[in-house]
Structures are given as C-alpha cells and as structure tokens.
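# What the coordinates show
Now for the letters of each chain:
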Amino acid sequence: MKGILKLTALVVLIFLSFFNTGFGKTFPPPDKADDRTLSPYFFVKSDDPNVDQLPLKSTSAAVTISGVIAGVEVTQVYKNEGKRPLEAIYVFPASTRAAVHGMKMTVGKRVIKARISKREDARQEYEKAREQGKSASLLEQQRPNVFQMNVANIMPGDEIKVELQYTELLIPTDRIYGFVYPTVVGPRYSNQSAETASPSEHWVQNPYLRKGEAPASTFDITVNLSVGMPIKDLSSTSHKVKTTFSGPSAAKIELDKSEVYGSNRDYILRYRLDGEQIQSGLLLYEGEKENFFLLMMQPPKRITNAQIPGREYVFIVDVSGSMYGFPLEISKKLIKNLISNLRTTDRFNVLLFSGGSSLMSEESQPATQENINKAINLIDRQKGGGSTELLPALSRALKLARPEGFSRTIVIATDGYVTVEEEVFDLIRNNLNNANIFAFGIGTSVNRHIIEGMAHVGMGEPFVITRAEDAPAKADSFRTMIQSPVLTRVKAHFNGFTTYDVEPVAIPDVLAERPVILFGKWRGALQGTIALSGLSGNGEYRDTINVSTIKPSKTNAALEYLWARYRITLLSDYNNLRSNDKRIKEITGLGLAYNLLTQYTSFVAVDSEVRNKDGKVVTVKQPLPMPQGVSEYAVGNGQYYGMGGGRSGYASHYAAAKIARLTEYEGKGRQEQFVAKDEGKPKKAVRIGDITVSEGLSKAAVMNALQKYIEEIEKYCSGSSLKGKLLIRLVIRKDGSVKNFAITSSTLKNSDVEKWISTQIMKWQFPPIQNGREAHVTIPFLFGT
C-alpha cells in the first residue's frame, strides 16, 4: 500500500511540474536514455491565449473529372488568432496515384508561386526564410500517400492561404468508377527509435483528438463531373451530398452543409457508365517539348461463356520459416478456397517454395475433384521452414508448358519476408502478356512494400489478409475480378505512329472487371494506326485505331504528369526493394523536369517581405481527428499512452512516457498495477516452446541469446498468475540485430505484458547470421506452465 501511495505522489508531482512549466506547449524531445520509439499522442489543449494551437481553419477541394482524369485543387486556410507568431505543421493524406504538380501561397494580396526543388534544398530555403522572419510554406512527401505542410511566420491576425494542385487517373473496379479524396492520416506506430530516426520519419509523432471529438477545422468539397457518356448510379457512400445534373453525362456534386466537420473519414464518390462492348480510347496531348498519349481498353460489362478463354491457375505458396503457424494457416484457407471453386474446364497447378521449390505436377491438371483433393492434401501437409527465395519459384512457374488458348494467372501467397531480387520485378513486368500475376500478403505484419511493388509492376491490385476469417471474402473478391478474362496474349502494334517510353512494357490479359492502360510519348506526324490484338473464347481478336482521326487537346495536359508519376512509382518500387543512387537521381530528375512532388523533391514558396523582425515563432502541430471507427488504442501503442481526465486531462506522449519509466520496475507497485496476485506457490513465469529458425542460425544459438531476455520477462511478470501463449515472429538482420517483429497470435489476457515485451524486442541481439542473409525466427512464449 505504501508503494502505491509513493507512486501516486510521484505521478501528482510530475503533473504539477508540467502545469507550472506551461502544460500544453510542444515538449522537447526526450534524452537518449529514454530509447523510445516514434508514436502518436493525444492533443492537450492549452489555456494560454497567446498561442493559437489550431491554426488550420479550413480545407476545401475543387474537383474536375473529365473523362478518366481528375484534376484537384486543394485550399488550406491558416489563421493566427493568438498573439505570437506561429509555424504550423499539418500532416495530411493523398491518393497514391496523385501527381502533385503545383502550389501557391497567398499572404494578404501577395500571391507567391511555389518552386519545385531538391528536398534538402527546399528544406534549407524554407528554414532560412523562417529564421529571417519571412512567411514561407513547404510541402514534402513523407510517404507516397502522406504529405506534410509547414507554414512559417503566420503573424497574429494573419490569414495565409496555401493551394496545391494534383491530378490522378480514375481506374474502374467491377465496372464502378470511384473518386476518393483522403481526409485524415490515421495513427501510425513505428518501431524506430525517436532519437535515431531520420527527420523524414518524425511525422509519425503527431497529435490526435480523442475519439468522438469534432475535427478542429472545417471541410468542403465540390466535384464537377463530365465523362462523355451517360452517368448511372452516382452516389457518395461516405458523406451526404447534393447532386445537380446538367445533362445525362454531366453533374455537379456538392457537400451537404451538415458535413462541415466530415473530415474524419475519406470522401468517396462512385458512379457507373453505359457500355456494352470492348471500348478502346486514345487521348493525345501535344506539349512544347514532348507529346504524350494514353490508351485505355475498357472491357464490356456482360460477358458470355463463349467470350471467355480457357483459364489456367498456378498457385505459388510460400512455406518458408517465416510463414510457420498463423500465416501459413491463412494461406492454406485462401488457396483451398480458390482451388475448390475452380470450374471443371479450368486447369491448375501448385508450386511450394522456400529455399527451393516443389511442384504438384510438371504440367497443369484439370480441376477434377480428384486433382483438387490431391492439391489440398499437399498444402495441408506443409508446416513451414527454411529460407525464402521467390525468383527461382516464379521463373519455374513461368516456364511451365502452357495449354494452348488458355489465360494463365499466377497467384503468389507470401508474408513478403522473402529474398526478392530486382529480377523478380523485371520478370513480372516482362511477362505481363504471358501471365497475370497477383500477390497476396499473408499475416499480421506483411511486408507491404514487396506486395504493393509486385502489384504495381504487374498492373494489378495488392491483396492483404491479416486475419483468417477475412480469407473467404478476399478470395471471393479476387475470384470475381479474375474469373472473366476477355482477351489473353494482348499486344499493341504501332504502325506508322512513332512512340517511345511506353509503359508498361507488356500488356496483361484484359479482364472483365479491369481495364488495360498504356502510357507513352509520341513524336512526328499524327498518322498511322494502333492495332490491339489478342485471343478470346471466339478466337483471334483485333481492333484498330486510326491515329489521324484523334485530335490532341490542351485539356489532356495532365497526361505528362500521369506518365511521369507512373514512372516515379515504378522506380520507387524498385528502390524500396534495394536503394540505388542511380534510381534516386532519376526520380529526382523526373520530379524537377515535370514539376512533381516526390520523395526527393519538394515545393517551397517564400514571401519576399520580412514580417517577423526577430524570427522567433512558436511551432504547433495541427491535431488530427481520430478516423471514424478507429479506437483510441491506436494512439496508445508503443511507449506513449493517453491519460484520462477529460479533454484537457489527456497527457502528452512525453509526460506519459516519464510516468511509465518511473513505474517500470517499482517491484510490488508495478506488479499490483499490471498482473494479478497469486498467494500460492509461484509457478515458472515463462518458458520457450519449440522455436523454428531459418537457415543461417541454429536453435541452440537462438536459445542461448534468449536466456537473458527470458529473465527480464520473468522479472516483469514476477508474482503473476498469468497463463497463455504468445507467438512472436522475428526478422533478424545479418549482424544479429532485430529488423522487425510481429505478435502473430496470443491467448494472454493481459495486454500490458504484450506491450512491454513489444518495447523490448527491438533491443534484442542474436549471433551474426552465418550465411550473410536475414533470418526468420518464430518463438512461442509459454506463460504459467
């Protein structure tokens, strides 16, 4: 009891010290001893009238959709209603397809057009302007879909308006066109140290409002839709809207006034178009230096069985050590679901891979019940083990004898912790006209860079399954998308029309629910033809477009941005796989040449007038609303926890971390707070079950390294009657440090133990990997046995 009173007194003193030193201000970063990870935190409202903590007053978007291209102008209005000059930092999302190509800042009556610069140069120019007392704005890309706006020297009474422009291509799914305007970045947990993380990762430390609190700024969006074909089933599935039609193919969609605080969820607009046959459309743009084209092939809605070619499926299943347990069980459910629903006229094969690969049959088999049972039994016998190499497995699948007249689809099921060489991406890109390749990310900590990268180069959609119960629905969605190949072995022939820099380098099959898109540049006269050929269920297909009948239009100016954005995305996928100075230089060059925001280029706008004489500002981070449907536990992950007591009682991450450290090893006080008492004879707190280890490490070496960490866990759980199993999967670098981890399953009823262990794992050290590669280890922790 005395220990609890002592702890309570310490907590009170901590809170009082914060109030006396300006509670609610931006807290300094912790010292190195904290060794804490980056985390979001709850916003604390200060009573100081001199500092306006909510400088962003409104965000509005004006959207123009013309055909398949959306042009978006976003306006952010910042106003300082306090008495001290401000620097505002605002983190906001965007579509991964968005090509941001312009920005301007308005201060009073002065309009300053932003320039695109190398990221480091733009940041230096902005910081210099801030210190000189000039109003300035900086737009940086933190992730492909996460941006950060900095606005410096917002003087008391000021209203500064920042406008940015982007364009994106609208690609229909299931014949439904959708425009999505993302509104809020959800809380992100990072296992990187707050002390050593690069500046580009610090955006994760962002304040959030409590669940149910209205956003701190207003929101508005208007969409003008003109698509050239009759519009059907137009609606917003996310917000109340008012729709006014000016004709069968044109409409204006305005946000209902009741949605003024509707920025806690993405704005989604959906619509359909008429169309009963395969449509091939060509858009042309003639620029000052370069000319661009976009070819989109949209299949019909109604497909007869006669129009569908034969279908062949090759299922490539990762059975390596990292897939042991939960991930492999999900894979089994997924593949069994897909195989069990094949048509009797389909053919299929199963290829299992880890360090090597094994094949069900040297050629694909008919989808008879006997063959289906054989495949399911083969998959059921897998346990998971060994290293992971995808390239040989994929090469082997592509070299399989292909049934004549069949559309081939390859399905890869993996957690993404595989040895993926650049050649894998090349292999997918160069074989799009030989096979449709789709990747399923399996498990609770999927390597999304790999899964999304394979989807991008394969011109498909990434599928991620984190829970076993989601597998049937994902399988149904995937099956619906791929079940109707309209054309296979599709090729484009440019005859008399000179093109270059065409992407993708090969065309995938035309599916009933997925269009095929070709970007590129052209030079010379507008003459000749583009011929599209392929095989359908009715035999050979060929369609020809006479280029001379298509006129270039200035309204297609977005084509140059879309082409460059596609190229940047492709290079970035390769760079995420393995960073390369040449690729970084090429991405930077594309950003500068085409005036595009990228990971390595930023927009910066600087006013020429010195407005803040001493250059001193208070930096405030605009708090973000909790996304609709997201729990407050999303902010509580990691080492920082929200504290109760009403809106003003939510402690900052810094204060909460201080309290957590004070209580971390307080003997009985700690035990009473986090674990149940056990008055009887204490059992062994924790032991290790049967671990699995990939090549390069031995079980004995892992167990030896774990001994001291087991002692720390036992100390934490001392006196506990905790029972259950905690299964943790680690990826270990070649130097023996932990790269990442995932808690794949748990039967514990004490989440605090899981949280505490999660804060320790990244500090663990194992012996260096003997083969010089990353190793995968799965560890079952058994409590109370």
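Here, the structure is the one placed above.
Let me begin by describing the structure that accompanies this report. Predicted, not measured: the structure shown is a model, and the values here were computed from it.

## What about the overall build of the chain?
- When you go through the chain residue by residue, the secondary structure sums to 15 helices and 39 strands.
- For the chain, the proportion of its 785 residues judged to be buried stands at 55%.
- Expressed as a percentage of contacts within the chain between residues at least 6 apart in sequence, the contacts between residues at least 24 apart total 77%.
- A total of about 33,600 Å² of accessible surface is found on the chain, and carbon and sulfur atoms cover 49% of it.

## Considerations on unusual backbone geometry
- In the segment running from Glu-503 into Pro-504, the intervening peptide bond is cis, with an omega of -5°.
- Unusually for a residue other than glycine, Asp-501 sits at a positive phi of about 50°.
- Here Asp-501 is to be found in strand β28 (residues 498–503).
- Of note in the backbone geometry, Asn-595 takes a positive phi value of approximately 60° without being a glycine.
- Take Asn-595: it is sitting in the loop between α10 (581–593) and β33 (601–610).

## Regarding the pattern of salt bridges
- Summed over the entire model, instances satisfying the criterion amount to 27 salt bridges.
- One salt bridge connects Asp-607 with Arg-110, and the closest N-O pair in it is separated by 2.8 Å. Remark: Arg-110 occurs in strand β6 (residues 110–113) and Asp-607 occurs in strand β33; sequence separation between them is 497 residues.
- For Asp-607, a relative accessible area of 2% translates into the label buried.

## Details of the environment of Gln-765
- The residue Gln-765 is located in the loop between α15 (751–761) and β39 (775–783) in this model.
- With near-sequence residues (within four places) excluded, Gln-765 lies in contact with Ala-705, Tyr-709, Asp-735, Gly-736 and Ser-737.
- One polar contact links the side chain of Gln-765 to the main-chain carbonyl oxygen of Asp-735, over a distance of 2.9 Å.

## Here's the deal with the sheet that holds strand β32 (residues 539–546)
- Overall, antiparallel pairing links the 4 strands, which are arranged β29-β27-β31-β32 in an open sheet. The sheet is open, and its two edges are formed by β29 (510–511) and β32, each paired on a single side.
- For strand β27 (residues 485–495) and β29, the ladder comprises 2 bridges, and the chain directions are antiparallel. From the neighbouring strand, Leu-487 faces β29, where its bridge partner is Val-510.

## So, the packing of helix α3 (residues 326–340) against helix α8 (residues 471–482)
- At a minimum axis separation of 9 Å, α3 and α8 run at an interaxial angle of 40°. In terms of their interaxial angle, α3 and α8 are classed as oblique. With respect to the hand of their crossing, α3 and α8 are arranged in right-handed fashion. For the pair formed by α3 and α8, the contact residues are Lys-333, Leu-334, Asn-337 and Leu-338 on the first element and Ala-471, Pro-472, Ala-475, Asp-476, Phe-478 and Arg-479 on the second.
- Residues of the contact of α3 with α8, tallied by class, amount to 6 nonpolar, 1 polar and 3 charged.

## Remarks on the nonpolar core
- The biggest cluster of nonpolar side chains holds 95 residues, and the ones touching the most others in it are Leu-139, Phe-179, Tyr-181, Ile-221, Tyr-267 and Tyr-271.
- In terms of residue count, the dominant contributor to this core is helix α9 (residues 558–577) (9 residues).
- The residues contacting Leu-139, other than those within four sequence positions of it, are Phe-92, Val-100, Met-103, Phe-147, Gln-148, Met-149, Leu-164, Leu-597, Ser-602 and Phe-603.
- Ranked by size, the runner-up nonpolar core spans 36 residues in total, among them Ile-335, Ala-413, Ile-482 and Leu-511.

## Notes on the pairing of β33
- In terms of strand pairing, strand β7 (residues 115–118) meets β33 through 4 bridges, oriented antiparallel. Looking at the pairing, Ser-117 lines up with Ser-602 of β33.
- Here 5 bridges tie strand β8 (residues 134–143) to β33, and the two strands are oriented antiparallel to one another. Note that in β33 the partner of Leu-138 across the bridge is Val-604.

## Observations concerning the packing of α9 against α10
- Running from amino to carboxyl end, α9 crosses α10 at an angle of 160°, the nearest separation of the two axes being 10 Å. Comparing their axes, α10 and α9 come out roughly antiparallel. Where α9 crosses over α10, the two elements pack in a sense that is left-handed. Of the residues in α10, those touching α9 at Trp-563, Arg-567, Ile-568, Leu-571, Ser-572, Tyr-574 and Asn-575 are Arg-583, Ile-584, Glu-586, Ile-587, Leu-590 and Gly-591.
- When the residues that make up the contact of α9 with α10 are grouped by side-chain class, the tally is 7 nonpolar, 3 polar and 3 charged.

## Overview of the side chain of Gln-382
- Summarising the element assignment, Gln-382 is placed in the loop between α4 (369–380) and α5 (390–398).
- Every residue in contact with Gln-382, bar those within four places of it in the chain, is listed here: Val-319, Leu-328, Lys-332 and Leu-352.

## Examining the packing of aromatic side chains
- A full pass over the atoms with the stated rule returns 19 aromatic pairs.
- Consider the rings of Phe-292 and Trp-563, whose centres lie 6.1 Å apart with planes at 50°: the pair is tilted. Of this pair, Phe-292 sits in strand β19 (residues 291–298) while Trp-563 sits in helix α9, placing them 271 residues apart in sequence.
- An aromatic cluster of three or more residues is present, and its members are Phe-293, Phe-494, Phe-497 and Trp-522.

About the criteria used
- Residues numbered from 1 in each chain as written.
- Predicted model: local features only at pLDDT ≥ 70, side-chain atom pairs only at ≥ 80, totals over all residues.
- Heavy atoms only, no water.
- Helix = DSSP H or I, 4+ residues; strand = E, 2+ residues; numbered from the N terminus.
- Buried < 20%, exposed > 50% of the residue type's maximum accessible area, 1.4 Å probe, protein only.
- Contact = heavy atoms within 4.5 Å.
- Areas by Shrake-Rupley, 256 points an atom, 1.4 Å probe, with all protein chains shown as cover.
- Salt bridge = Lys/Arg side-chain N within 4 Å of Asp/Glu carboxyl O.
- Polar contact = N/O pair within 3.5 Å; in protein donor to acceptor, adjacent residues only side chain to side chain.
- Pairing = 2+ DSSP bridges.
- Axes fitted to C-alpha atoms, helices over the stretch in contact; angles between N-to-C directions.
- Parallel < 35°, antiparallel > 145°, perpendicular 65-115°, else oblique.
- Left-handed = near helix turned anticlockwise from the far one by under 90°.
- Nonpolar A, V, L, I, M, F, W, Y, C, P; charged D, E, K, R; others polar.
- Core = buried A, V, L, I, M, F, W, Y, C linked by side-chain atoms within 4.5 Å.
- Phe/Tyr/Trp six-rings, centres within 6.5 Å; stacked < 30°, edge-to-face > 60°.

Function-wise, these values are silent; they only describe arrangement.
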